[in-house]
Amino acid sequence: MHLPGSQPLKYVVIVCIVTIIIYEIVLYRRASQVSIPKTSLFPWADNRRFNSTTEGEVRDPNADSSHPILDLIREGHEKFARLQAARSNTIEEASGRYRERRGRHPPPGFEDWFKAAQKRDAIVVEEFFDRIYHDINPLWGLDQPELRRRAHTQPEMIRIRNGKVSLISEDPERGNNWMQIWTKLVKEIGHLPDLDMAINVMDETRVLVPWEIINEYMDKERRTRDLFSVSEAISTYTGYADIDSHPETYDPHWIGDEAHKYWDHVRATCPPDSDSRNVPSMVSFNSSIKEIYPTVPIEAYTYKGFIHNFTTSQDACVQPHLRGLHATFVESISMSTTHELLPIFGGSKLPQNNDILIPGAVYLTNDKRYSGGRGIGGPWEDKMKGFVWRGIASGGRNKVDNWWHFQRHRWVQMMNGTTLQKVLAADEAAAPTFTLLPPSVYNISARRNGFMASWLATHADVGVVDLMCSPEGVDSKNKRVRTCSYSSPFLDVVKKKEMKEQYAYKYLPDIDGNSFSGRWRGFLRSTSCPLKATVYTEWHDDRLIPWVHFVPFDNTFMDIYAIMEFFIEGHDAEGRRIAQESSRWASQVLRRDDMLLYVWRLLLEYARVIDPQRNRLAFVEDLVGEKM
């Protein structure tokens with residue numbers, strides 16, 4: 001029986017069947033081009049499927065319960081809970097915890113400091129101030145008159161005499177007016193002991209004392225710890241009359257012409273048995289990155305491929321490959337380094353540096369380039385599902401024969417879908433800045449299924465706005481240009497995106513520049529999820545918990561694709577929680593008040609360690625009436 005219209009229907013069915021067969025063949029060929037081992041380096045990844053869930057979609061909560069990032073998040077929250085439980089609410093609690101952790105009495109002025117903290121509704125946890133003692137304790141290894149002499153005649157300084165704060169500078173208007181910003185903060189503290197606070201106004205940090213010498217100083221510091229009796233304590237700091245009337249010039253013997261060998265100065269500060277101690281600077285940077293780029297995650301600080309110990313991940317002493325993967329160790333913009341212990345303050349430093357940390361000056365401003373302005377971003381649900389980054393190609397002097405060793409160049413190339421597509425197609429020349437790890441290392445689903453490059457292009461909005469050539473390029477009108485003849489074939493210059501625009505994205509990664517990134521506090525305060533890769537330490541590190549307040553990633557960036565997949569494909573809730581916790585916590589412990597209180601306490605400790613009577617200077621009023 002012939003039905004009207006059945007013949008056209010027959011052809012439609014045939015076309016559909018043929019189309020399905022062709023589609024299956026294409027998928028099979030695409031999958032066969034990707035080499036997938038039967039077992040992965042990390043077992044948790046073996047049976048994962050590409051999860052394209054959207055916000056709000058119901059997922060099987062047990063589908064990836066073994067993912068290591070979930071373990072790290074749980075561990076981070078346990079640590080955070082312990083940290084919050086250690087808050088001091090009375091002067092007795094604060095001074096008691098001080099003595100227990102430091103092995104000394106608090107310095108004179110501690111009670112006034114604590115009252116100011118209470119007045120400002122500050123959260124006082126003794127661990128928050130560990131950085132102060134890491135920086136100050138080596139100074140106990142030098143005699144007090146010598147410390148005073150070394151600081152007294154430095155060219156950039158904040159000086160306090162009889163409660164009056166003054167600025168001493170060869171060029172007070174230089175740079176971003178950092179000296180004025182820091183001086184204003186110190187003036188807000190109120191009465192402080194007499195002292196000379198030498199300041200580093202460079203991006204790069206300064207003091208690198210060899211490990212053996214610092215170890216001696218630290219041994220001496222430990223021997224001087226003493227919880228002496230109340231009757232022996234004194235509370236009045238010594239003035240500066242003698243040194244002011246008879247100043248002695250001190251030369252720290254600055255080293256300024258070895259920026260391309262800075263690594264050799266850094267490794268001298270590493271423990272003798274560390275991985276980097278006996279690995280010299282690279283003779284030439286005009287070589288392939290393959291020679292030094294790691295092929296697996298670094299066991300010293302990772303857990304199943306992801307950062308477990310953020311402090312160690314910042315430490316170049318356990319990562320000799322960083323000598324050729326970070327601009328600081330390749331060729332910095334400027335160098336002025338000493339191997340002598342000079343008490344000098346600055347906004348950031350390498351873990352190996354012996355500078356004394358204070359909050360970065362840019363954190364003390366409302367400059368929208370670093371803070372994003374008054375707003376901190378909208379609701380999580382309204383943000384774009386992806387990562388955004390804009391910046392200049394800073395870090396050091398990138399040149400025709402070294403630029404591919406710089407971290408920001410590598411970052412931009414790794415986050416570019418077109419570049420990644422070429423690398424996946426075995427075009428290694430397209431990406432001189434990095435090496436793509438074998439699929440077995442992280443077993444990323446998008447890579448396994450053959451569309452990693454397009455997936456990356458969809459979720460990463462990353463670009464450099466100025467390639468910062470050395471020497472600088474100029475156009476026909478002799479005006480500086482933002483492109484370089486040597487790196488422009490690999491990196492496009494893109495349009496600038498203000499921080500407030502970046503807040504429209506869910507994920508905000510942060511990368512080192514010439515030193516620390518001044519945008520970090522702004523990212524932490526925002527309603528987006530901050531991510532961080534850095535070799536630098538800052539004043540606030542002890543009050544931030546990785547995987548709770550931010551997402552850490554490796555300085556090679558080898559783990560970034562797996563991190564992206566975790567949060568974007570099925571773990572939106574975890575990203576949102578970190579964003580919310582970060583913003584809430586930053587509003588409580590990274591305020592201007594908190595920075596002021598940190599510097600206040602730091603200067604009390606500094607004033608004591610440089611005082612001729614330092615071994616008996618103490619706050620003990622809370623112990624009066626007790627037997628010791």
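In this convention, every chain numbers its residues from 1, walking through the sequence in written order. Residues qualify for local features only when their pLDDT is at least 70, as the model is predicted, and side-chain atom pairs are given and counted only at 80 or more; totals for whole chains, interfaces and linings, by contrast, use all residues. To obtain the side-chain values, all non-hydrogen atoms of the structure were used and water was disregarded.

- For the protein, the name recorded in an unreviewed UniProt entry is Lipopolysaccharide-modifying protein, with Apiospora saccharicola as its organism.

### As for the overall build of the protein
Alright, step 1. Across its full length, the protein carries 23 helices and 12 strands.
Alright, step 2. The buried label goes to any residue with under 20% of its type's maximum accessible area, the exposed label to any with over 50%, and the partly exposed label to all in between, with areas taken from a 1.4 Å probe on protein chains only. Going through the 628 residues of the protein one by one, you find that 56% of them count as buried.
Alright, step 3. Within the protein, contacts between residues separated by at least 24 positions form 77% of all contacts whose residues are at least 6 apart in sequence.
Alright, step 4. Note on areas: these come from Shrake-Rupley sampling with a 1.4 Å probe, and a residue is covered only by the protein chains present in the view. Accessible surface computed for the protein: about 27,500 Å², of which carbon and sulfur atoms make up 51%. Counting from the N terminus, the helices are the DSSP runs of H or I reaching at least four residues and the strands are the DSSP runs of E reaching at least two. By definition, residues are in contact when any of their heavy atoms lie within 4.5 Å.

### Observations regarding the environment of A431
Alright, step 1. By the element assignment, A431 lies in the loop between α15 (417–424) and α16 (439–442).
Alright, step 2. Apart from the residues within four sequence positions on either side, A431 is in contact with Q413, T419 and V423.

### Notes on the packing of aromatic side chains
Alright, step 1. Each Phe, Tyr or Trp ring (for Trp, its six-membered ring) is paired with any other whose centre lies within 6.5 Å, and the angle between the two planes then decides the class: stacked below 30 degrees, edge-to-face above 60, tilted in between. In this structure the tally under the stated criterion is 25 aromatic pairs.
Alright, step 2. Seen in terms of ring centroids, W178 and W182 are 5.9 Å apart; in terms of plane orientation they differ by 65 degrees. Their pairing is edge-to-face. With a gap of 4 residues between them, W178 and W182 both fall in helix α7 (residues 178–189), about one helical turn apart. The pair formed by W178 and W182 is uniform in burial state, with each residue classed as buried.
Alright, step 3. When the ring of W403 is compared with that of F490, the centres are 5.3 Å apart and the planes differ by 40 degrees; the resulting orientation is tilted. With W403 in the loop between β8 (384–392) and α14 (407–414) and F490 in the loop between β9 (460–466) and α19 (499–502), the pair connects residues that are 87 residues apart, well separated along the chain.
Alright, step 4. Residue classification places W403 among the buried positions, given a relative accessible area of 3%.
Alright, step 5. Lysine and arginine charges are scored as sitting over a ring when NZ or CZ, respectively, is within 6 Å of the ring centre and within 35 degrees of the ring normal. A cation over an aromatic ring shows up here: R148 above the ring of Y240, its NZ or CZ 4.0 Å from the ring centre.

### Regarding the pattern of salt bridges
Alright, step 1. Salt bridge criterion: a side-chain nitrogen from Lys or Arg within 4 Å of a carboxyl oxygen from Asp or Glu. For the structure on display, the rule yields 38 salt bridges.
Alright, step 2. For the salt bridge of E498 with K496, the shortest nitrogen-to-oxygen distance reads 4.0 Å.
Alright, step 3. A network of salt bridges, in which partner residues are shared, links R101, R102, E126, D130 and R601.

### A word on helix α18 (residues 452–459)
Alright, step 1. Of all the residues in α18, the buried ones are M452, A453, W455, L456 and H459. End-on view of α18: buried residues confined to an arc of 160 degrees, all on one side of the axis.
Alright, step 2. Structurally, α18 contributes buried residues whose contacts are with β8, α14, α15, α17 (445–448), β9 and α21 (560–568). By arc we mean the arc of the directions from the helix axis to the C-beta atoms, nothing more.

### Looking at the state of the cysteines
Alright, step 1. For this text, the term disulfide refers to a pair of cysteine sulfurs within 2.5 Å. Inspection of the entire model under this criterion finds 2 disulfides.
Alright, step 2. Residue pairing for C270: its cysteine sulfur links by disulfide to C317, the two sulfurs lying 2.0 Å apart. For the disulfide bridge between C270 and C317, the dihedral angle about the S-S bond is near -85 degrees, and by the sign convention the bridge is left-handed. Taken as a pair, C270 in the loop between α10 (262–267) and β4 (302–303) and C317 in the loop between α11 (310–313) and α12 (327–330) lie far apart in primary sequence, 47 residues in all.

### Side note on the pairing of strand β11 (residues 529–533)
Alright, step 1. In terms of burial, β11 is largely enclosed, as 5 of its 5 residues are buried.
Alright, step 2. Of the two faces of β11, the one lined by C529, L531 and A533 and the one lined by P530 and K532 are each fully buried.
Alright, step 3. The crossover handedness rule: strands pointing away from the viewer, path from first strand over the helix to second strand clockwise, crossover right-handed. For the crossover from strand β10 (residues 505–511) across helix α20 (residues 520–525) to β11, the handedness is right-handed.
Alright, step 4. Strand pairing is defined by DSSP finding a minimum of two bridges between the two strands. For β11 and strand β12 (residues 551–552), the ladder comprises 2 bridges, and the chain directions are parallel. Residue pairing across strands places L531 opposite V551, the latter belonging to β12.

### A closer look at the packing of α15 against α18
Alright, step 1. It is at 8 Å that the axes of α15 and α18 come closest, and there the two elements cross at 170 degrees. Relative to α18, α15 is oriented roughly antiparallel. Of the two elements, α15 crosses α18, and the hand of that crossing is right-handed. Judged by residue contacts, G417, L420, Q421 and L424 of α15 engage M452, A453, L456 and A457 from α18.
Alright, step 2. In the contact of α15 with α18, the residues fall into 6 nonpolar, 2 polar and no charged. Note on geometry: axes are lines fitted to C-alpha atoms, helical ones only across the stretch in contact, with angles between N-to-C directions running from 0 to 180 degrees. Reported orientations rely on four angle classes, namely roughly parallel under 35 degrees, roughly antiparallel over 145, roughly perpendicular from 65 to 115, and oblique for the rest. Here is the rule for handedness: rotate from the far helix to the near one, and if that takes an anticlockwise turn smaller than a right angle the crossing is left-handed, while a clockwise turn gives right-handed. For this classification, Asp, Glu, Lys and Arg are treated as charged, while Ala, Val, Leu, Ile, Met, Phe, Trp, Tyr, Cys and Pro are nonpolar and the rest, including Gly, are polar.

### Here we look at α15
Alright, step 1. All buried positions along α15 are accounted for by G417, T419, L420 and V423. On an axial view of α15, the arc spanned by its buried residues comes to 155 degrees, and they lie on one face.
Alright, step 2. Contact partners of the buried residues in α15: α14, α18 and α21.
Alright, step 3. Throughout this description, a polar contact denotes any pair of N or O atoms lying within 3.5 Å of each other; where both atoms belong to protein, one of them has to be capable of donating a hydrogen while the other can accept it, and for residues adjacent in sequence the pair is counted only when both atoms sit in side chains. For α15, the side-chain oxygen to backbone nitrogen distance between the N-cap and T418 is 3.0 Å, and the N-cap itself is N416.
Alright, step 4. A426 occupies a position one or two residues after α15 and carries a positive phi of about 70 degrees.

### Things to note about the environment of A429
Alright, step 1. Note that A429 resides in the loop between α15 and α16.
Alright, step 2. Residue classification places A429 among the exposed residues on the basis of a relative accessible area of 60%.
Alright, step 3. Spatially, the C-alpha atom of A429 lies 9.6 Å from that of F490, the residues being 61 residues apart in sequence.

### Quick notes on the pairing of strand β3 (residues 195–199)
Alright, step 1. Judged by how many residues are buried, β3 sits mostly within the fold: 5 of 5 residues are covered.
Alright, step 2. Residues L195, M197 and I199 of β3 are buried on one face, and the alternating residues D196 and A198, pointing to the opposite face, are buried as well.
Alright, step 3. Bridge count for β3 against strand β6 (residues 344–346) is 2 bridges, and the pairing is parallel. Bridging from a neighbouring strand, A198 pairs with I344 of β6.

### Observations concerning the sheet that holds β10
Alright, step 1. Spatially, 5 strands are ordered β9-β8-β10-β11-β12 in an open sheet, and the strand pairing comes out parallel. Edge positions in the open sheet fall to β9 and β12, since each of these has one partner strand only.
Alright, step 2. Both β8 and β10 contribute to a ladder of 2 bridges, which runs parallel. Bridge pairing links M384 to Y505 in β10.
Alright, step 3. Where α18 meets the sheet, it contacts β8 and β9, and its direction lies at approximately 70 degrees from that of β9.

### Some words on the sheet that holds β3
Alright, step 1. Strand order in the open sheet made by the 5 strands is β2-β1-β3-β6-β7, with mixed pairing throughout. Strands with a single pairing partner mark the edges of an open sheet, and in this sheet they are β2 (164–168) and β7 (356–357).
Alright, step 2. Each of β1 (157–161) and β3 touches helix α6 (residues 144–152); the most contacted strand, β1, lies at about 125 degrees to it.
Alright, step 3. Those strands touched by α7 are β1, β2 and β3, and its axis lies near 170 degrees from that of β2.

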